[in-house]
Each structure stands twice: as C-alpha cells, then as structure tokens.
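Reading the structure
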Amino acid sequence: MRAGASVRERGERDLGSCVRVLAEVHEQDGYPVNWPEQPGAWLTPSSLIASWVAERDGRVVGHVGLSWSSAGDAAPGLWSARAGVGVDATAVVSRLFVAPAARGHGVGALLMARAVAEARERGVHPVLDVVASDTAAAALYERLGWQLLATVEQQWGPEQRVTVRCYAAAAA
C-alpha cells in the first residue's frame, strides 16, 4: 500500500464522510452524472452485497461497493452471454470514487482489489459499467487488466441518453 492507505468495510458511521467525499468528486469530475436526491441512499442500494472505504491519515478518502446486477446494468448481461453463464454469476463493482486530494496514491486500485477479492470469494465474476466520458476511471480499469466488453448507449431518462463502457475483470 502506498502513502499509508488502508481499506476496511464501510460502517454506518462512515456514510456522512462518504457523502462529503462524493460531493467533492461530483463538484470536480461530475460523478455521479446525476447528483442523487439522497446520496446516502444512493450509496446503499438494495442490491448492495458489501462496501468498503479507503482511509489515509484517519480520514475517509474513497469508497467502493459490490452489488448484485440490477436492471440498468449492461455489463452483467454482456459477460454472462460471453461466458455462457447466468447473470447471477456476476457481481457489479459500483460507487467507486476517490477524493481529488487522495488521487495518485493507489487508493482506487486498493478499493478495486478489495471488491474483486470479495466477488471471487463469492464465486462470481466482477463486472462494471462506466460512463464513457470518465476517461480517468476507464484508464484505471484498463491498467488493472479489466477487459472492455462493449460500449453501449443507455437511456437514463426521457431526455438523457448516455454512452457507457462495460468491463469485466480479467479471469482469475
């Protein structure tokens, strides 16, 4: 681990810190694309399997979740069709963000490694969708060996069409 970063399971008391970091990320990078009305609830969807935070110097500086597939996720269907398995053989890495001041220290890679390890422990293949305009995130996934499955268009609302890149983790 570089720069003293550590990853641990997210606790209920971490939610406020996670929302603050998410607000910084949204302000700087526009992630998430649509700011949620209830950011704490957005970080804890009903499909959530587990979530983790990264800390540096005792402060939360990042977050990642692992969820079961939901209707809007494209990557699980693409991976399952390619692998010849059901969508339930996948888990979606989601809600990954790192505070702008903590970037460049391997925090994103640590969070991704923890989510991937959990998916593998559960016997499912990790996949994810990322907005195509988020080139920094796509570069991280590719550096970590994730494979691009496809680039697809998704309808996120009556007047919002978004291009999404779908990735799968490399085979174990």
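Conventions and cut-offs
- Residues numbered from 1 in each chain as written.
- Predicted model: local features only at pLDDT ≥ 70, side-chain atom pairs only at ≥ 80, totals over all residues.
- Heavy atoms only, no water.
- Phe/Tyr/Trp six-rings, centres within 6.5 Å; stacked < 30°, edge-to-face > 60°.
- Helix = DSSP H or I, 4+ residues; strand = E, 2+ residues; numbered from the N terminus.
- Buried < 20%, exposed > 50% of the residue type's maximum accessible area, 1.4 Å probe, protein only.
- Lys NZ or Arg CZ within 6 Å of the ring centre and 35° of its normal.
- Pairing = 2+ DSSP bridges.
- Axes fitted to C-alpha atoms, helices over the stretch in contact; angles between N-to-C directions.
- pLDDT = per-residue confidence, 0-100.
- Polar contact = N/O pair within 3.5 Å; in protein donor to acceptor, adjacent residues only side chain to side chain.
- Contact = heavy atoms within 4.5 Å.
- Core = buried A, V, L, I, M, F, W, Y, C linked by side-chain atoms within 4.5 Å.

**Some words on the packing of aromatic side chains**
- Scanning all chains against the criterion turns up three aromatic pairs.
- Consider the rings of Y31 and W42, whose centres lie 5.9 Å apart with planes at 65°: the pair is edge-to-face. Remark: W42 occurs in helix α2 (residues 39-42) and Y31 occurs in the loop between α1 (15-29) and α2; sequence separation between them is eleven residues.
- On the basis of relative accessibility, which here comes to 19%, the residue W42 falls in the buried class.
- A ring pair is formed by Y141 and W146, whose centres lie 6.2 Å apart and whose planes are at 45°; its orientation type is tilted. By the burial criterion, Y141 is buried, and W146 matches it.
- Among the aromatic residues, those joined into a cluster by ring pairs are Y141, W146 and Y167.
- For the cation-ring pair, R95 lies above W42, with the distance from its terminal atom to the ring centre recorded as 4.0 Å.

**Examining the sheet that holds strand β3 (residues 59-67)**
- In space, the seven strands of this open sheet follow the order β1-β2-β3-β4-β5-β7-β6, with mixed pairing throughout. Sheet topology places β1 (6-9) and β6 (147-157) at the edges, where each strand pairs with a single neighbour. For this sheet the average axis-to-axis angle between neighbouring strands, irrespective of direction, equals 30°.
- Alignment of strand β5 (residues 125-131) against strand β7 (residues 160-168), held across five bridges, turns out to be antiparallel. Looking across to β7, one finds that V127 is bridged to A168.

**Observations concerning the confidence of the model for the chain**
- With 98% of its residues at a pLDDT of 70 or more, the chain has an overall mean of 94.
- Averaged pLDDT values for the elements of the chain fall to 93 in β6 and rise to 98 in β3.

**Thoughts on the side chain of E55**
- On the secondary structure map, E55 appears in strand β2 (residues 48-56).
- By relative accessible area, which is 19% here, E55 ends up buried.
- A polar contact is formed between the side chain of E55 and the side chain of R8, at a distance of 3.1 Å.
- Leave out the neighbours within four places in its chain, and E55 touches G4, A5, S6, R8, V60 and V61.

**Things to note about the nonpolar core**
- Of all hydrophobic cores here, the largest spans 40 residues; its most connected members are V93, L111, M112, L128, Y141 and W146.
- Elements that contribute at least two residues to this core include exactly α1, β2, β3, β4 (90-98), α4 (107-121), β5 and α5 (135-143).
- Element by element, the count of residues in this core is highest for α4, at six residues.
- Every residue in contact with L111, bar those within four places of it in the chain, is listed here: V7, W52, V53, A54, G62, H63, V64, L96, F97 and V98.

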